[in-house]
Amino acid sequence: MKKTKKKKRTHVPLRLNMLFFVVFVLFSCLILRLGIVQIVHGQDYKREIARTEDVTVDTSVPRGKIYDRNHKLIVGNKPLNAITYTRSKTTSQEEMLNEARKLATLIKKDSPDDLKSITVRDRKDYWIMLNPDKAKAKITDAEWKKLKDGKLSDSDIYQMQLDRITDKEINSFSKQQLAVLAIYREMSSGYALSPQIIKNKSVTPKEFAVVNENLSSLPGVDTTTDWERYNVFKTDTGDAVLGSVLGNVSSSKEGLPKELVDYYLSRGYSRNDRVGKSYLEYQYEDVLQGQKEKVKNKTDKSGNVLESEVVSKGKRGDDLVLSIDIDLQQQVEKIIEKELAKNRPGHRFSDRAFVSVMDPNTGDLLTMAGKQYVTDPKTGKTVLADYALGNMTTSYSPGSVVKAATVLTGYQTGVIHPGEVQVDQPLQFAGTKVKKSWTPYPMGPISDLTALKRSSNVYMMLIAMKIGGQYHYVPNGPLSIDKLDAIKKLRYNFNQFGLGVKTGIDLPGESSGFGGGIPKESGNVLDFAFGQYDTYTPLQLVQYISTIANGGYRIQPHIVKEIREPSDKSDELGPIIDEIKPNVLNTLSMKTSWIDHVKKGLWEVVNEQGGTAHGYIDSKYKVAAKTGTAQGLYDGPKANEYWKKNELPPMTWNLTFVGYAPYDHPEVAISVVVPWAYEGIQKDPHINLEIANQVFKAYFDLKEKRSKEGLDQSDSTQKVENANDAKITNKDMLKNSGSAY
């Protein structure tokens, strides 16, 4: 029987079949998913890959210029070559440091100012970057373990490294390394995509050219033109004329003032923007700042800039035309310097003087000059510095210059009438010292005009007594007045002239003077009547005399006259945007005949024998005025030396002057204040009158000179006289104006 061989069957295990099935399913899912990605979402992913981001960056523009009333440039912008750096969003510290090293070989960045700006923290951060292994070694194994266990954070570790860097280590850098650090800190201090100034001062033509040649190997570095604020007019000591009033602008390093960062950021400023820090530059920041150029940068998702587009072009700030006459300002400053220097020997406390000059019809401040002797912190020498701000920020007892206000208050309250005669005699009240006028002998029966001309203190005290309810003086009798009611009425009326209240000048930081509060003694009310109690600023005094000069209108003084659009031509001004017109703060509720009557007394002060300014002020200027001398304890900067020794400071005298001219058609008013001009029984140096006479002379000489040369406000300089320069007029207020300005 033949045997048949059995055929072997191939058996595929069940598990292997299952595996093949799973693989098949997975591949099917993968193919399905790829189909969805490719067909359904393909375009979305393509757009994501090509996605860009638009980032708008603002670029700084020069500030507006500042001109005087005759269009002479006072403050301008000096162009500067500058080297900038713009980092992308993905730039690393190491990349910036490499760029800084390259740039340090091309430019100098190791001046004392550059190195001074490097902080201790900058040095420590830099040391860690240069010495990572040494920095790591400053952390113990136990501390690294705490970091790993989550008990310490990376910032904790970094702070520990900073704290453990020694003084020797942070002072171990070479000059070249410090130059690199100076550049690096500038690079890292700005925002991404925002140009940061690396150097804009003392950039040499060679540096500028070399950097330009190497821009292709310096990613982010560029060359451009920057600007720097500068003052045209300087004093002999190098200070800016009117510098304290003009104020300062922050540098790009300073950027926004710390106390105003949030305010400026909310208004679209960048942290490194330059802004006005004080006074005029600060007050008119909105006008002077201009409109920044806006550049839109397109970046890919990695932060690399693909292209840039200018969205809106920048525009330089608008220009200010001041009411200040810079020629007159300079002359007045020299007058103050000369007279202070003459008066200083033998008068140890005479360290300052102030002059305000104003058009009484418009409020235009033609001059605001002040000088003060100070100690130079660098040399230790005594120098004469600008203190123009003192006209509005400091106040002093004015003395008899306020007597015109006292007489007019007497009329207003009905206690005296124009022409009334009162007896000037020593006033002795029970239990008090004698109060009398400054003359060695009583003046006897005098009218109100004679009281102004000869400056009778007693006449003014009798007015105050009557306002307080006491109409008759009884020798050795009581002073029985309602002091609260009297001082209230006197202050209210003085306020109407601008005495004891802010003038409203368009500058920040104005003082309202110092009111003595409620008088402790009834005699203080009498002192108030002749300027020996409250204190006023020199600016308040010129507003006060202007109110009388123009017939009873208290005009707000202003230092800015016009705001103009910037012009592309350097010798022309742009059209007027805004013109500051006269602003009447209040009108005296007094009869015009009363004011005119008092004006006669002020005329007699200068132009009649016996007047306190007669012989000191040249009669050809037709000045009406009032002089003042106020006695009081010295309260200047050296007073602390006496208080520390429990000693009273010496008694000193303030010398003051207010006046206007011509008396029949007022066009200029001035105030002069010389605090602590002399002391004790020294002879009156009359420095207030010397200064006043020379100021009037300077004004009218300048007016005559310009008239002969055919110059007026509109054509006194170059071509900036374009037709938009209009004279401020107001027929109701300016009917007596004969101003050359």
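Notes on the structure in this doc start here. (Residues numbered from 1 in each chain as written. Predicted model: local features only at pLDDT ≥ 70, side-chain atom pairs only at ≥ 80, totals over all residues. Heavy atoms only, no water.)

This brings us to the sheet that holds strand β19 (residues 651-661). One open sheet accounts for six strands, arranged β11-β10-β9-β20-β19-β18; its pairing is antiparallel. On the outer flanks of this sheet lie β11 (382-386) and β18 (624-633), each paired with one strand and no other. Between one strand axis and the next, the sheet turns through 15° on average, direction left out of account. Examined bridge by bridge, β19 and strand β20 (residues 668-679) share nine bridges and lie antiparallel to one another. (Pairing = 2+ DSSP bridges. Helix = DSSP H or I, 4+ residues; strand = E, 2+ residues; numbered from the N terminus. Axes fitted to C-alpha atoms, helices over the stretch in contact; angles between N-to-C directions.)

What follows is about the packing of aromatic side chains. Tallying each qualifying case throughout the model produces 18 aromatic pairs. Seen in terms of ring centroids, W653 and Y678 are 5.9 Å apart; in terms of plane orientation they differ by 10°. Their pairing is stacked. With a gap of 25 residues between them, W653 in strand β19 and Y678 in strand β20 connect regions that are remote in the sequence. Exposure remark for Y678: the relative accessible area of 8% places this residue in the buried category. In textbook terms, an aromatic cluster arises when at least three aromatic residues are bridged by ring pairs, as seen for F349, F354, Y387, Y396, Y634, Y642 and W676. A cation sits over an aromatic face here: R274 above W227, 4.1 Å from the ring centre. A cation sits over an aromatic face here: R344 above Y373, 4.2 Å from the ring centre. (Phe/Tyr/Trp six-rings, centres within 6.5 Å; stacked < 30°, edge-to-face > 60°. Buried < 20%, exposed > 50% of the residue type's maximum accessible area, 1.4 Å probe, protein only. Lys NZ or Arg CZ within 6 Å of the ring centre and 35° of its normal.)

For D327, the position within the fold is in helix α16 (residues 326-343). Judged by relative accessible area, D327 falls into the buried class, the value being 18%. If we ignore the near neighbours within four places in the chain, the residues touching D327 are K72, L702 and R706. (Contact = heavy atoms within 4.5 Å.)

For the rest of this paragraph, the subject is helix α24 (residues 592-607). Along its 16 residues, α24 runs 22 Å from first to last C-alpha, staying within 8% of the 22 Å computed at 1.5 Å per residue. Within α24, the full set of buried residues consists of W594, I595, H597, V598, K599, G601, L602, E604, V605, V606 and N607. Those residues of α24 hidden inside the fold are in contact with α18 (403-413), α19 (448-454), α23 (538-549), β18 and β19. (Expected span 1.5 Å × (residues − 1).)

A word on a nonpolar patch on the surface. Among the surface-exposed residues, L16, L19, F20, V23, F27, L30, I31 and L34 lie close enough to one another that they form a single nonpolar patch of about 790 Å² accessible area. Within the fold, I31 resides in helix α1 (residues 14-40). Note on I31: relative accessible area 59%, which makes it exposed. (Patch = residues over 30% accessible without salt bridge, like charges linked within 9 Å, V, L, I, M, F, W, Y side chains within 5 Å. Areas by Shrake-Rupley, 256 points an atom, 1.4 Å probe, with all protein chains shown as cover. Salt bridge = Lys/Arg side-chain N within 4 Å of Asp/Glu carboxyl O.)

The subject of this paragraph is α23. Helix length check: α23, at twelve residues, gives a terminal C-alpha distance of 17 Å against a target of 16 Å (1.5 Å per residue), a fit within 8%. All buried positions along α23 are accounted for by P538, L539, Q540, L541, V542, Q543, Y544, I545, S546, T547, I548 and A549. Count one or two residues on from α23 and you reach G551, which has phi positive near 95°.

Among the nonpolar cores identified, the biggest contains 93 residues, and L280, L320, L322, L408, M460 and I548 are the most heavily contacted of them. Ranked by residues supplied to this core, first place goes to helix α20 (residues 457-467) with nine residues. Discounting residues that sit within four places of it in the chain, M460 has contacts with K403, T406, V407, A451, L452, A529 and F530. In this structure, I335, I336, I687 and A698 belong to the second largest nonpolar core, which totals 39 residues. (Core = buried A, V, L, I, M, F, W, Y, C linked by side-chain atoms within 4.5 Å.)

With five bridges joining them, strand β10 (residues 365-375) and β11 adopt antiparallel strand pairing. Across the sheet, residue T375 finds its bridge partner in β11, namely T382. Hairpin geometry of β10 and β11 is characterised by an intervening segment of six residues between the two adjacent antiparallel strands and by a positive phi of about 80° at G380.

So, on to unusual backbone geometry. Cis peptide bonds are those with omega within 30 degrees of zero, and the linkage from A661 to P662 qualifies with -20°. Mapped onto the secondary structure, P662 falls in the loop between β19 and β20. The phi dihedral of H686 falls on the positive side, at around 55°, and the residue is not glycine. When its relative accessible area of 23% is taken as the criterion, H686 is described as partly exposed.

A few words on the pattern of salt bridges. By the definition in use, this model includes 38 salt bridges. One salt bridge connects K342 with E339, and the closest N-O pair in it is separated by 3.5 Å. Taken together, the positions of K342 and E339, both in helix α16 and three residues apart, correspond to about one turn of that helix. Residue classification places E339 among the buried positions, given a relative accessible area of 4%. Between E608 and K453 there is a salt bridge; the shortest N-O distance is 3.3 Å. Of this pair, E608 sits in the loop between α24 and β18 while K453 sits in helix α19; the two residues are 155 residues apart in sequence, bridging distant segments of the chain. For E608, a relative accessible area of 27% corresponds to the partly exposed category. Since its relative accessible area comes to 12%, K453 is described here as buried. Among the ionic contacts, a cluster of salt bridges with common partners joins R63, R229, E281 and E285.

Quick look at the pairing of β19 now. The element β19 is largely enclosed, with a buried count of ten among its eleven residues. Hairpin geometry of β19 and β20 is characterised by an intervening segment of six residues between the two adjacent antiparallel strands.

So, on to the environment of G523. Relative to the helices and strands, G523 resides in helix α22 (residues 522-529). Put simply, G523 and L479 are 44 residues apart on the chain and 7.8 Å apart in space, counted from C-alpha to C-alpha. Once residues lying within four places of it in the same chain are set aside, the contact partners of G523 are K435 and L479.

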